[in-house]
Structure formats: structure tokens, C-alpha cells
Amino acid sequence: MIKWEMIDIGLIQLESNAFLNQISLVSKEQNTAIKETETFKCNCEAFIDYPNKIYNFANWLKEQNILFRFIDWNLRGIAQVMFVNNSFSGIIILAGLIMQNPWWALNGIVGTMFSTLSAVLLGQNRSQIATGLHGYNGNLVGLLLAVFSNKGDWYWWLLLPVFVMSVVCPVLSSALTSVMKNWDLPVFTLPFNIAVWMYLAATRHNIYLPQNFIQPINPSPNYTWSELNVPMLLRAIPVGVGQVYGCNNPWAGGIFLVALVIASPIVCLHAVIGSSLGILAGLSLDSPFQKIYDGLWSCNSVLGCIAVGGMFYALTWQTHLLAILCGTYQSIMKGFT
């Protein structure tokens, strides 16, 4: 009897130990699950609270001295090329421009600074200045003058026409606004286009400011579809986004997409859709493959999709379809230019 009692006591102890081990394992799993849930909640809260942090940072900048605010205005001006009012996105886009070409980035910075400063001195609307709306035309002027220059990088005399033409941009913008407001139309990048064409027309035969001549291209159609490179077509999506700034580096275009995601995932989505529509339009209109790979079919449709689908209209399925139609129309019109 004593032996059976000892055996029963041993079995009970073994069962109790096994039960305790199970409880400890369950408690460990519960603690791990709780920690993972808390980490997920923290990450979600940080993501959800991001717009509030940006808003608070913007309010903090308004209370700082004029130098900090001027820097903020210029960063927003760089980002406003993509319809983005975010200084952090401007910093990231500036990094992408530097990756593409530091000399181009410098010209873009100079154009943005003097365009914004000119708007301040001319007494333009301060809220428009603060959101970068008087800087993006100057940014594009500086970039494109550097792109069209035939003197290569670090030709310092080029900064003189960049300064002059970027200062002219707010004047053109104010004049065009007073005319186009009668039809309730925005000027967008029309001042930039006028300024660049004025410069190109004035310096066509200038030996000190030579430019790369733009020749019409009449290539033969593509009939060898076997030569189509699918990875290059995928690469053309970020390249098409980068071509909005005149950049043909896919890594620069990828950095621009990161900047758009930070500002608005909806804007980023429509930028990708617009670039893809440009590629499809180029293929359907039998464009040379290299022009498609270089993103030249996508830059206009990127801006069109962003403007309609992510900027000026509330996002619904109707406006989403309208953005796709707008991007398709702009891409097709590219074939007639």
C-alpha cells in the first residue's frame, strides 16, 4: 500500500509540473502577443499621427525667423512641381535632383530662391509664397536651362540667365493670373514655359550661352516587337515620374515617388498610373522604344493624373476614371507634337 501511495504522489507531482509548464508557456505566448499588439498599435498611431506632426511643424516654422521660413518656402516650391505642399517632400526631391546631377540641382535651387524672393519683393500674396506657389516655376526654369545648356556642368555664367529668367517668373505669373482669372483658369507652369522659350529664342546663336539644338525626330516605326524589353518598360515608370523634373535616372524617379508617398499616397498612386498610361500610349502609337524607356511619353500624363485624381477633385471612382482619361488624352496628344 505504501508503494502505491508513493507512486500516486509521484504521478500527481509529475502532472502538476506538466500543468505548470503549460501555464508558463501560455503566459509567455500571451506576453509575446501583447507586446506585438502594442508595437503594432504604436506603429499605427505614429503613421496616423504623421499629418498632425507635419501640421505642428508648419506652425512651429511660422513662429521662427525669416531665414527658416524662407528655406521652408523654397522647399515647398521644389515640391509644388508635383502639386505637393510639403517641405519634407521638398528635401527628398532635392536629394533626388542631386543624385541625378548636382549642377542641375544647384540651378534649380537658384531659380527657386530668386523666384520666391522676387515674389516677396513684388508684394505677391503671402500665403501663396508660403506654400511655394511662386517657387516651382523658377525651379523648373533653373533645371531646364541647365539641361539645354551645351557647355556641360559647372559653367558658372549660366547662373546669370537662371537668375534673370527666374525673377521674371512671378511677373509673368501675376500678369497671366489677371487675364486667366476671367475664365477661372490657373496658370500652372505657363510662366515657366514662356520664360524658357524666351531664353531659347534669345540665345539660339549666342556663343557664350550655347544650347543643345532641338531637332525634329522622324524615326521609322517599330515593327520588331521581339526587341521589346519588359524590364526596361518597368524601369520607365519611375523614369517617367523623374522626367517631370527633366531627370532620366530611375533612382531619382524612385526617390521622387518616396517623396510623394510621404505627402500623399493618393498622389503617388496617380503618378504611377500616369507614368504607366504614357508607356501604353507610346506602345500603341508605335513610338521608338528608346523614347518610351526614357520616360518622354509619361511626364505630361503624370502631372495630369495627379492634378485630376489627387489634387483638385475629391477622390471618387468618377474622378479616378477622369484622371485616367486625362492622362490617356495627354499621352495621345504627345504623339501629335
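See the structure above.
Since this is a predicted model, take the numbers as computed values, not measurements. (Residues numbered from 1 in each chain as written. Predicted model: local features only at pLDDT ≥ 70, side-chain atom pairs only at ≥ 80, totals over all residues. Heavy atoms only, no water.)

A. Quick look at the side chain of Asn 107. When you line up the elements, Asn 107 lands in helix H5 (residues 102–121). Side-chain polar atoms of Asn 107 contact the backbone oxygen of Trp 103, separated by 2.8 Å. Not counting the four nearest positions on each side in its chain, Asn 107 is found in contact with Gly 142, Ala 146, Leu 158, Leu 159 and Val 162. (Helix = DSSP H or I, 4+ residues; strand = E, 2+ residues; numbered from the N terminus. Polar contact = N/O pair within 3.5 Å; in protein donor to acceptor, adjacent residues only side chain to side chain. Contact = heavy atoms within 4.5 Å.)

B. Spatial organisation of the pattern of salt bridges. Counting across every chain of the model gives 1 salt bridge. Among the salt bridges present, the one from Asp 72 reaches Arg 76, with a minimum N-O distance of 2.9 Å. You can see Asp 72 and its partner Arg 76 sitting in helix H3 (residues 66–79), 4 residues apart, about one turn around the helix. Arg 76 carries the same exposure label as Asp 72, and that label is buried. (Salt bridge = Lys/Arg side-chain N within 4 Å of Asp/Glu carboxyl O. Buried < 20%, exposed > 50% of the residue type's maximum accessible area, 1.4 Å probe, protein only.)

C. Quick look at a nonpolar patch on the surface. On the surface, a nonpolar cluster with roughly 590 Å² of combined accessible area is contributed by Phe 188, Met 311, Phe 312, Tyr 313, Leu 322 and Leu 325. Within the secondary structure layout, Tyr 313 lies in the loop between helix H14 (299–311) and helix H15 (317–334). The class of Tyr 313 is partly exposed, set by a relative accessible area of 46%. (Patch = residues over 30% accessible without salt bridge, like charges linked within 9 Å, V, L, I, M, F, W, Y side chains within 5 Å. Areas by Shrake-Rupley, 256 points an atom, 1.4 Å probe, with all protein chains shown as cover.)

D. A look at the packing of aromatic side chains. Per the counting criterion, the structure on display carries 10 aromatic pairs. For the ring pair Phe 83 and Phe 188, a centre distance of 5.7 Å and an interplane angle of 80 degrees mean the geometry is edge-to-face. Residue Phe 83 is located in the loop between H3 and helix H4 (87–100), and its partner Phe 188 is located in the loop between helix H8 (159–180) and helix H9 (190–202); the two are separated by 105 residues in the primary sequence. You can call Phe 188 partly exposed: its relative accessible area is 33%. Here the aromatic rings of Tyr 245 and Phe 256 are separated by 4.9 Å at their centres, their planes lie at 45 degrees, and the arrangement is tilted. Placement of the pair is Tyr 245 in the loop between helix H10 (230–242) and helix H11 (250–263) and Phe 256 in helix H11, with a sequence separation of 11 residues. (Phe/Tyr/Trp six-rings, centres within 6.5 Å; stacked < 30°, edge-to-face > 60°.)

E. Layout of the packing of H14 against H15. At a minimum axis distance of 8 Å, the contact between H14 and H15 shows a crossing angle of 160 degrees. Put simply, H14 runs roughly antiparallel to H15. Relative to H15, the crossing made by H14 is right-handed. Across the interface between the two elements, Asn 300, Ser 301, Gly 304, Cys 305, Val 308 and Gly 309 of H14 pack against Thr 319, Leu 322, Ala 323, Cys 326, Gly 327, Gln 330 and Ser 331 of H15. Looking at the contact of H14 with H15, its residues break down into 5 nonpolar, 8 polar and no charged. (Axes fitted to C-alpha atoms, helices over the stretch in contact; angles between N-to-C directions. Parallel < 35°, antiparallel > 145°, perpendicular 65-115°, else oblique. Left-handed = near helix turned anticlockwise from the far one by under 90°. Nonpolar A, V, L, I, M, F, W, Y, C, P; charged D, E, K, R; others polar.)

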